[in-house]
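These are the residues of each chain, in order.
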There are 2 protein chains.
Amino acid sequence: MQTIVTVSELRQTLTQARRAGGRVGFVPTMGYLHDGHLALVAASRAQCEVTVVSIFVNPTQFGPNEDLSTYPRDFLRDETLCRDAGVTVLFAPDAQEVYPSQFETYVESGELAKPLCGAFRPGHFRGVATVVCKLFNMVQPDVAFFGQKDFQQCAVVRRMAIDLNLPIEIITVPTVREPDGLAMSSRNRYLSEEERRRALAISRGLLAAVDEFRSGERDVEKLVAIAKRHLEVVDRLQYLELVDGDTLKAAHSPLRRTAALCAAAYVGSTRLIDNVMLALPSP
Amino acid sequence: MQTIVTVSELRQTLTQARRAGGRVGFVPTMGYLHDGHLALVAASRAQCEVTVVSIFVNPTQFGPNEDLSTYPRDFLRDETLCRDAGVTVLFAPDAQEVYPSQFETYVESGELAKPLCGAFRPGHFRGVATVVCKLFNMVQPDVAFFGQKDFQQCAVVRRMAIDLNLPIEIITVPTVREPDGLAMSSRNRYLSEEERRRALAISRGLLAAVDEFRSGERDVEKLVAIAKRHLEVVDRLQYLELVDGDTLKAAHSPLRRTAALCAAAYVGSTRLIDNVMLALPSP
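Remember, predicted model here, so these are calculated numbers, not experimental data. (Residues numbered from 1 in each chain as written. Chains lettered and ligands numbered in written order. Predicted model: local features only at pLDDT ≥ 70, side-chain atom pairs only at ≥ 80, totals over all residues. Heavy atoms only, no water.)

It is worth spelling out the pairing of strand E7 (residues 169–173) of chain A at this point. All names here are of chain A. In this structure, strand E6 (residues 143–147) lies alongside E7, joined through 5 bridges in parallel fashion. Residue pairing in the sheet places Val 143 in a bridge with Glu 169 of E7. Between the parallel elements E6 and E7, the chain passes through helix H7 (residues 151–163) in a crossover that is right-handed. (Pairing = 2+ DSSP bridges. Helix = DSSP H or I, 4+ residues; strand = E, 2+ residues; numbered from the N terminus. Right-handed = clockwise from strand over helix to strand, strands pointing away.)

As structure tokens, this is what we get:
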């Protein structure tokens, strides 16, 4: 595995790999890797000769009162995890390499970026779309892998790639959960033991709704209510919404198209998100 | 020459050309080609094995009261001009191919897009940056060529390519002028004979300022005043500004860095722009 910190060296290395006919898979991350990230790496390795992982805690996707400065970092551990996972290139640029001083061009998403997290984190998806567009242009992968835990991010990135004609296939990989169900997230490390127990309510609530859905429930209010009951133990429920799986607009009863039940909640001072898909065949 | 109207066919054709080791040059246009466009094609042919010209009248860069519907079009003539000029691929997508129905992601520029035309054409450079980013991703050229007549567009596109890490060299080609000095533009065809005569005041004014600059004049107000005197015959002077050649911010006396004297004026109902560079060695 090669660890690279500049765009020019990255380009040089990948040009050689591409000439050798290798398909390039890309897994963009903010580091502090967990099994969710490693599932993305495994998905890439399964279909690409070259797997590039980026680690970059992107300042433009954090709001002024968010956790940019405290976001967990452990580069040496990440490097070992990547090497052991068979990553070809670990790309870890610093902020100056990604955002040189005169930087002023942003990628702005539309309707998909407005609900859910977009409503509570102004500018977040602008930062996400911008940095992902930049990383895509740096790596020029054939395929890029994103975790379904960041459901809205997947939708925004997929739309961005289509809208800006990036010749990159976007693959969403199912959320990896702890044995008890909590969605894996680098932010889980913020949780105290007591908070960790209460955090479980999020996945419990969502998965309870999935059970009801599988038993035939198609009523939006009822499905949301089932999840909500569990979520009473969190410190602040930011949103709990059942949205159309494609448009991210509020779903209507009875459900006839695939929907996503999405939640964001604070447990202590930690903001956690999770979601489940309620899958239906296209009408 | 191949004329192509879909992105997928374009990609297929250019992948083959690239495999053959050819350098790809790209000239994006809105059609109704003139010698200015052909100078861009010549510049591309001088350094690239493959030259792609696009013709697309981009709706997102026109304001609601601008000339989108009347913008001059003559595709068959353009096609002949391109063939005769040695263009390899003429790419002429329709609006649906470029902006499918769910399109919602835009490229937003910053400070460079605010003064000059940006101040009078809200959304114009968003449309320009977005379509150029899209076309860049469709064509994936090694080099792209733009005319200096659209000075601010050159600055915005150059910044966008850097900011979004597009691996594309941007080359600005000097403005081509009619024998009497009028900058070539597809919009010149809107002018009546009488308007055509008065339109000449724009280039006359700018070039008079260049003469004074060459004679040693470094005072911003004086240089602008010289140009302004000529411009009294236009129907409405939208702006006449001497700006820093890199930042596009107002230039200060005495000039110590390369500046651009830029003008936009209505002659009859036709809006024309032009500019000249007042070149100085970097301090």
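Attention now moves to the packing of helix H6 (residues 124–139) of chain A against H7(A). Axes are the key here: two packed helices are described by the angle between their axes and the distance separating the axes. Residues and elements named next belong to chain A. Running from N to C, H6 and H7 cross one another at 50 degrees; their axes reach a closest spacing of 10 Å. Put simply, H6 runs oblique to H7. Between H6 and H7 the crossing geometry is right-handed. Facing Phe 125, Val 128, Ala 129, Val 132, Cys 133 and Phe 136 of H6, the residues of H7 in contact are Gln 152, Gln 153, Val 156, Val 157 and Met 160. (Axes fitted to C-alpha atoms, helices over the stretch in contact; angles between N-to-C directions. Parallel < 35°, antiparallel > 145°, perpendicular 65-115°, else oblique. Left-handed = near helix turned anticlockwise from the far one by under 90°. Contact = heavy atoms within 4.5 Å.)

Moving on to the packing of aromatic side chains. Residues and elements named next belong to chain A. This model, assessed by the stated rule, comprises 14 aromatic pairs over all chains. Note on Tyr 99 and Phe 103: the rings are 4.9 Å apart at their centroids and 80 degrees apart in plane angle, and the pair reads as edge-to-face. We classify Tyr 99 as buried; its relative accessible area is 11%. According to the relative accessible area criterion, Phe 103 is buried, its value standing at 11%. (Phe/Tyr/Trp six-rings, centres within 6.5 Å; stacked < 30°, edge-to-face > 60°. Buried < 20%, exposed > 50% of the residue type's maximum accessible area, 1.4 Å probe, protein only.)

Before going further, it helps to spend a moment on the domain arrangement of chain A. Residue and element names in this part refer to chain A. By domain assignment, chain A separates into domain 1 (2–173) and domain 2 (186–277). One C-alpha centre belongs to domain 1, the other to domain 2, and the line joining them spans 26 Å. Buried area between domain 1 and domain 2, summed over both chains or domains, comes out near 1900 Å², and the portion from carbon and sulfur atoms is 58%. On the domain 1 side of the contact with domain 2, Leu 116, Phe 120 and Phe 151 bury the most area, a combined 33% of that side's loss. Summed over the shared surface of domain 1 and domain 2, the number is 2 salt bridges. For Lys 249, the salt bridge identified is with Glu 111, shortest N-O distance 3.9 Å. Applying the counting criterion to the domain 1 and domain 2 interface returns 8 residue pairs in polar contact (both at pLDDT 80 or more). When residues of the side of domain 1 that touches domain 2 are traced back to their parent elements, those giving at least two are helix H5 (117–120) and H7. (Domains from an automatic or database assignment. Buried area = accessible area lost by both parts, 1.4 Å probe. Salt bridge = Lys/Arg side-chain N within 4 Å of Asp/Glu carboxyl O. Polar contact = N/O pair within 3.5 Å; in protein donor to acceptor, adjacent residues only side chain to side chain.)

A word on the sheet that holds strand E4 (residues 89–91) of chain A. Residue and element names in this part refer to chain A. Strand order in the open sheet formed by 6 strands is E1-E4-E3-E2-E6-E7, and the pairing between neighbours is parallel. Edge positions in the open sheet fall to strand E1 (2–4) and E7, since each of these has one partner strand only. Each strand axis lies, on average, 25 degrees off the axis of its neighbour in the sheet, ignoring direction. Two elements, E1 and E4, share 3 bridges in a ladder whose sense is parallel. When the sheet's bridge partners are listed, Ile 4 is paired in E4 with Phe 91. Here H6 sits on the sheet and contacts strand E2 (24–29), strand E3 (50–55), E4, E6 and E7; the angle it forms with E2, its principal contact strand, is near 145 degrees.

Now for the side chain of A:Arg271. Residue and element names in this part refer to chain A. As for its position among the elements, Arg 271 is in strand E10 (residues 270–278). As a buried residue without a salt bridge, Arg 271 has its nearest oppositely charged side chain in Glu 66, at a separation of 6.3 Å. One polar contact links Arg 271 to Gln 238, side chain to side chain, over a distance of 2.7 Å. In contact with Arg 271, not counting residues within four places along its chain, are Cys 117, Arg 121, Arg 187, Gln 238, Tyr 239, Ala 264, Ala 265 and Tyr 266. (Lys, Arg positive; Asp, Glu negative; His and termini not counted.)

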